[in-house]
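Structural overview for review
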Amino acid sequence: MEAWFSERIDQTFITFGTSHTWMLSIYLVVSIGILVMHRSLKNSNVLHNLVRFSLLLLLILSEISYQTWTIIHGLWMEGSHLPLHLCGIASLLGVAALLTYHPKLIKITFFIGILPAAIALITPDIPHGYEHFRFWKFFVHHMAISWTSLFLIVSTKVTIRGKDLLETFFYLIIYSVFIFIFNTFFQTNYLYLKGPPIAGTPLDWMGDGVLYYISLVLTAFFVFSLMYFLYKLIKKTR
């Protein structure tokens, strides 16, 4: 147990290795389950609240346990451990949405929570293998973020329109400007606005300089448009 919660890397993470493939499989199966059971999630208060509070617990415990781990081992830094990345914000908004069911929060969480978390699951930026706390925290947290966004949209009466896409995209641009200033002042790299992470991700294909920022904006708008298309598809299927 001590090694499991330590800061040592006794077992390195292998992209698309057995443990990674298992996590992706679990994520896919549960995601499909949420879609298939949308009527039961909407009509059964018992099942709805069971899933609701389970997701709420996963989100809160994931964030608290991670912050605790970094503090215990003296690793916490404002430059890398504040929940300011897109998935971190999606997690916080997901908690707020699960507690309040505010329509705007549900809409924003839908756009920023599902696909970004799914991409993070496919291209994890973690050094530890499955025998370490960090592995489980990363996968459980990101899966819970994505599942929360999906659950809220299929189990409530919230309707997403084209203007919601544009409004959420506007919020993201404003937030990015704030984070850009924060990064400049504190020499951080939240939202990866200064460049892609060390681990190989799709951000490596975005180019350099001004092209990098243009690519980020266009990619974000493409992802939001894709999410809107998926919403329409889900709604039509329902």
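Not measured: the values here are computed from a predicted model. (Residues numbered from 1 in each chain as written. Predicted model: local features only at pLDDT ≥ 70, side-chain atom pairs only at ≥ 80, totals over all residues. Heavy atoms only, no water.)

This part is about helix H7 (residues 162-186). With 25 residues, H7 should reach 36 Å at 1.5 Å per residue; the first-to-last C-alpha distance of 36 Å fits that figure. Listed as buried for H7 are Asp-164, Leu-165, Thr-168, Phe-169, Leu-172, Tyr-175, Ser-176, Ile-179, Phe-182 and Asn-183. Backbone geometry just after H7 places Gln-187 at a positive phi near 55 degrees. (Helix = DSSP H or I, 4+ residues; strand = E, 2+ residues; numbered from the N terminus. Expected span 1.5 Å × (residues − 1). Buried < 20%, exposed > 50% of the residue type's maximum accessible area, 1.4 Å probe, protein only.)

Now for the packing of aromatic side chains. The final tally for this structure, using the stated rule, is 21 aromatic pairs. Between the aromatic rings of Tyr-66 and Trp-69, the centroid separation amounts to 6.4 Å while the plane-to-plane angle is 20 degrees, which identifies the pairing as stacked. Here the residue Tyr-66 and the residue Trp-69 both occupy positions in helix H3 (residues 45-72), the gap between them amounting to three residues, near one helical turn. Exposure remark for Tyr-66: the relative accessible area of 13% places this residue in the buried category. Residue classification places Trp-69 among the buried positions, given a relative accessible area of 5%. Centroid distance Phe-185 to Phe-186: 4.9 Å. Interplanar angle 80 degrees. Geometry classified as edge-to-face. Phe-186 sits in the partly exposed class, given a relative accessible area of 38%. An aromatic cluster is present here, built from Phe-110, Phe-111, Phe-169, Phe-221, Phe-224 and Tyr-231 joined pairwise through their rings. The residue whose ring lies beneath Lys-137 is Tyr-66, and the NZ or CZ to ring-centre distance is 4.5 Å. (Phe/Tyr/Trp six-rings, centres within 6.5 Å; stacked < 30°, edge-to-face > 60°. Lys NZ or Arg CZ within 6 Å of the ring centre and 35° of its normal.)

Let us look at the environment of Thr-184. Structurally, Thr-184 can be placed in helix H7. A relative accessible area of 43% means that Thr-184 is categorised as partly exposed. For Thr-184 and Lys-194, which are ten residues apart along the polypeptide, the C-alpha to C-alpha distance reads 9.0 Å. Among the polar contacts made by the side chain of Thr-184, one reaches the main-chain carbonyl oxygen of Phe-180 at a distance of 2.8 Å. (Polar contact = N/O pair within 3.5 Å; in protein donor to acceptor, adjacent residues only side chain to side chain.)

Between its first and last C-alpha, helix H4 (residues 86-100) extends 21 Å over 15 residues, near the 21 Å set by a 1.5 Å rise per residue. Listed in full, the buried residues belonging to H4 are Cys-87, Gly-88, Ile-89, Ala-90, Ser-91, Gly-94, Val-95, Ala-97 and Leu-98. Those residues of H4 hidden inside the fold are in contact with H3, helix H5 (103-122), helix H6 (133-154) and H7. Where H4 ends, the next residue or the one after it, Tyr-101, has phi of about 55 degrees, a positive value. (Contact = heavy atoms within 4.5 Å.)

Take the packing of H5 against H6 next. Remark: H5 packs on H6, axes separated minimally by 8 Å, with the N-to-C direction vectors making an angle of 145 degrees. Judged by the twist between their axes, the crossing of H5 over H6 is left-handed. Contact residues: H5 offers Ile-106, Thr-109, Phe-110, Gly-113, Ile-114, Ala-117, Ala-120 and Leu-121, while H6 offers Phe-138, Phe-139, His-142, Met-143, Ile-145, Ser-146, Ser-149, Leu-150, Leu-152 and Ile-153. When the residues that make up the contact of H5 with H6 are grouped by side-chain class, the tally is 13 nonpolar, five polar and no charged. (Axes fitted to C-alpha atoms, helices over the stretch in contact; angles between N-to-C directions. Left-handed = near helix turned anticlockwise from the far one by under 90°. Nonpolar A, V, L, I, M, F, W, Y, C, P; charged D, E, K, R; others polar.)

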